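Structural overview
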Amino acid sequence: MIPPSFKQDLLARADIVEIVGRYVQLKKAGINYKGLCPFHGEKTPSFIVSPTRQTYHCFGCGVHGTAIDFLMEHGALGYVDAVKELAQQYGLQVPEDDSTAEQRAQAAQARERQATLTEVLAKATEHYRKQLKGSPRAVQYLKGRGLTGEIAARFGLGYAPDGWRGLASVFARYDDPLLEESGLVIAQGEGEDAKRYDRFRDRVMFPIRNVKGEVIGFGGRVLDQGEPKYLNSPETPVFVKGRELYGLHEARAALRHKGYALVVEGYMDVVALAQLGFPNAVATLGTA
């Protein structure tokens with residue numbers, strides 16, 4: 001829990017005009033500032049920022065709040081993350097919660113582990129993207145589904161070549177436990193005698209991003225006939241299927257603009273709808 005007194009002190013120090021102005025072009029309008037609302041499409045400015053009240057309000061869509069609220073809404077941050085980001089900007093240290101030293105140490109270790117896993121997954125994502133550019137067969141498959149290079153780049157689509165140990169050329173240690181923990185490599189057996197091979201082979205790769213844009217898993221689709229048609233990353237410390245929606249990071253701006261989401265079944269549905277002018281689509285990840 002963040003003490004209310006710290007929140008009030010932080011908001012008293014923060015300059016909401018400066019914070020909002022980083023993302024919205026503001027113009028002086030009397031004692032306030034006015035600009036185009038970043039949360040819905042409009043041509044006539046109805047978004048007001050008050051330096052006196054240290055608040056913002058849109059007369060078009062009704063959003064309003066403080067600097068913390070703005071960071072939460074615009075950056076899709078949780079409350080604690082928004083407070084920490086704002087505090088960092090003003091050189092303040094967020095007070096520790098009432099958890100024990102052991103619990104804080106465990107939480108810090110878990111965060112460090114998660115950051116390491118997302119780094120591994122990001123490296124794999126870049127590899128798959130490069131492989132797509134070098135595979136006419138995979139490119140032709142996506143073109144045959146009506147996708148352009150632009151939309152493929154927006155969603156970070158890639159290709160995992162046919163081969164058992166393709167990632168061995170990407171990571172210095174193919175036996176690194178992180179490759180298995182992140183779901184990229186399957187290990188059969190124990191220890192040094194374990195047989196390791198890439199989970200994804202000869203598949204178009206759909207990176208799954210969390211709301212912050214970090215890659216947390218993959219969905220891979222076969223190019224020809226084969227089973228399973230879609231192969232998904234297993235659940236990991238960074239990827240819990242029931243908590244995520246595919247395409248949510250890419251759809252954030254459109255969701256604010258349109259005010260609703262189209263919930264569909266699969267990766268290709270989301271990408272195809274975005275291609276056809278429906279960027280507010282998201283997909284469930286194989287859960288009831």
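Computed from a predicted model, the values in this text were never measured in an experiment. (Residues numbered from 1 in each chain as written. Predicted model: local features only at pLDDT ≥ 70, side-chain atom pairs only at ≥ 80, totals over all residues. Heavy atoms only, no water.)

In this section: the confidence of the model for the chain. Summing up the model confidence of the chain, the mean pLDDT is 90 and the portion of residues at 70 or higher is 97%. No element of the chain has a lower mean pLDDT than helix H9 (residues 248-258), which averages 82, and none a higher one than strand E6 (residues 158-160), which averages 98. (pLDDT = per-residue confidence, 0-100. Helix = DSSP H or I, 4+ residues; strand = E, 2+ residues; numbered from the N terminus.)

This part is about the pairing of strand E4 (residues 55-58). Side chains Tyr56 and Cys58 project from E4 onto a buried face, and the interleaved Thr55 and His57 project onto a face without burial. Here strand E3 (residues 47-50) folds back onto E4, and the loop between the two strands holds four residues, one of which, Gln54, carries a positive phi near 60 degrees. Two successive antiparallel strands, E4 and strand E5 (residues 64-65), enclose a turn made up of five residues, where Gly62 displays a positive phi of approximately 90 degrees. (Buried < 20%, exposed > 50% of the residue type's maximum accessible area, 1.4 Å probe, protein only. Pairing = 2+ DSSP bridges.)

Residues Tyr128, Leu157, Leu184, Phe218 and Tyr246 are the most contacted members of the largest nonpolar core, which totals 45 residues. When contributions to this core are tallied by element, the ones reaching two or more residues are helix H5 (101-133), helix H6 (136-144), helix H7 (149-154), E6, helix H8 (177-181), strand E9 (203-209), strand E10 (215-222) and helix H10 (267-275). In terms of residue count, H5 provides more of this core than any other element does, six residues in total. Sequence-distant contacts of Leu184, defined by excluding residues within four places in its chain, comprise Val120, Leu121, Ala124, Tyr128, Leu167, Phe171, Leu179, Tyr197, Asp198, Arg199 and Phe218. Membership of the second largest hydrophobic core comes to 28 residues, among which are Phe6, Leu10, Leu11 and Val20. (Core = buried A, V, L, I, M, F, W, Y, C linked by side-chain atoms within 4.5 Å. Contact = heavy atoms within 4.5 Å.)

Taken in spatial order, the five strands make up an open sheet running E1-E2-E3-E4-E5, and their pairing is antiparallel. With one partner strand each, in any of the chains shown, strand E1 (27-29) and E5 form the two edges of the open sheet. Across four bridges, the pairing between E3 and E4 is antiparallel. Paired with Phe47 across the bridge in E4 is Cys58.

Per the counting criterion, the structure on display carries 14 aromatic pairs. Ring centres of Phe200 and Phe218 lie 6.2 Å apart, and the angle between their planes is 65 degrees; on these two criteria the pair is classed as edge-to-face. Linking Phe200 in the loop between strand E8 (195-198) and E9 with Phe218 in strand E10, this pair joins segments that are 18 residues apart in sequence. Overall, the relative accessible area of 1% leaves Phe200 in the buried class. Measuring from ring centre to ring centre gives 4.9 Å for Tyr246 and Tyr267, while their planes differ by 90 degrees; the resulting arrangement is edge-to-face. With Tyr246 in the loop between strand E11 (230-232) and H9 and Tyr267 in helix H10, this residue pair connects regions lying 21 residues apart in the sequence. For the pair shown, Tyr246 and Tyr267 are each scored as buried. (Phe/Tyr/Trp six-rings, centres within 6.5 Å; stacked < 30°, edge-to-face > 60°.)

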